[in-house]
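Examination of the molecular architecture
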Amino acid sequence: MISLLTLSACKSKPPSTHVEKKPEQAASTTPEPTHKEVGEASWYGPGLQGKQTANGDTFDQKDLTAAHPSLPMGSKATVTNLENGKKVEVIINDRGPNVENRVIDLSGAAANKLDMKKDGTVQVKIVTKAKHKKRPVKRKAKPSPAK
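Residues numbered from 1 in each chain as written. Predicted model: local features only at pLDDT ≥ 70, side-chain atom pairs only at ≥ 80, totals over all residues. Heavy atoms only, no water.

Let us look at the pattern of salt bridges. In the structure shown here, the tally under the stated rule is two salt bridges. R102 is the partner of E40 in a salt bridge, and the nearest nitrogen-oxygen pair spans 3.6 Å. Of the two residues, E40 is situated in strand β1 (residues 36-44) and R102 in strand β5 (residues 102-107); the sequence distance between them amounts to 62 residues. Between D115 and K86 there is a salt bridge, with the nearest N and O atoms lying 3.9 Å from each other. Of this pair, D115 sits in the loop between α3 (108-113) and β6 (121-128) while K86 sits in the loop between β3 (76-81) and β4 (87-94); the two residues are 29 residues apart in sequence, bridging distant segments of the chain. On the basis of relative accessible area, K86 is assigned to the partly exposed category, the value being 38%. (Salt bridge = Lys/Arg side-chain N within 4 Å of Asp/Glu carboxyl O. Helix = DSSP H or I, 4+ residues; strand = E, 2+ residues; numbered from the N terminus. Buried < 20%, exposed > 50% of the residue type's maximum accessible area, 1.4 Å probe, protein only.)

If you want it as structure tokens, here you go:
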């Protein structure tokens, strides 16, 4: 009997079902990191007008949009022409560029804003703004109607 009690005392405890949130999970209002990148930009447009973009939109070279290899679809990015200081805010709605050593492909309208269409490529800085994760909206329970 004593040996049975001794053996049962040596058994490990079953795993706890209590889960603690890690710091990154607990802080729901922590902003996501800002993306900053410098490199060569190009522009695209006439040959793809009306075609479907990676996120399902119809490409319109008159919109302020861009293709980036990894930024989330729908991200807003500020692109600055490092040669003249001109800036444009674009929405990422496509994947690309498909040319090595380029960091972003801009729509024709975005390229016009940066005054880069003549040269075709330019050195740019890309910055996305930090986004705050949305908190779930807590709604008050509606009082039940009086009977």
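A few words on the packing of aromatic side chains. Scanning the entire structure with this criterion turns up one aromatic pair. Arranged with centres 4.8 Å apart and planes meeting at 20°, the rings of Y44 and F59 form a pair that is stacked. Placement of Y44 in strand β1 and of F59 in the loop between β1 and β2 (65-67) is noted, with a sequence separation of 15 residues between them. Here the guanidinium or amino end of K117 rests over the ring plane of W43, the centre of that ring lying 4.3 Å away. (Phe/Tyr/Trp six-rings, centres within 6.5 Å; stacked < 30°, edge-to-face > 60°. Lys NZ or Arg CZ within 6 Å of the ring centre and 35° of its normal.)

Attention now goes to unusual backbone geometry. At the junction of G96 and P97, the peptide bond is cis and its omega measures out at -5° in the coordinates. Mapped onto the elements of the fold, P97 is located in the loop between β4 and β5. Positive phi outside glycine occurs at N101, with the angle close to 70°. At D115, a position not held by glycine, the phi torsion is positive, near 55°. What makes D115 exposed here is its relative accessible area of 51%.

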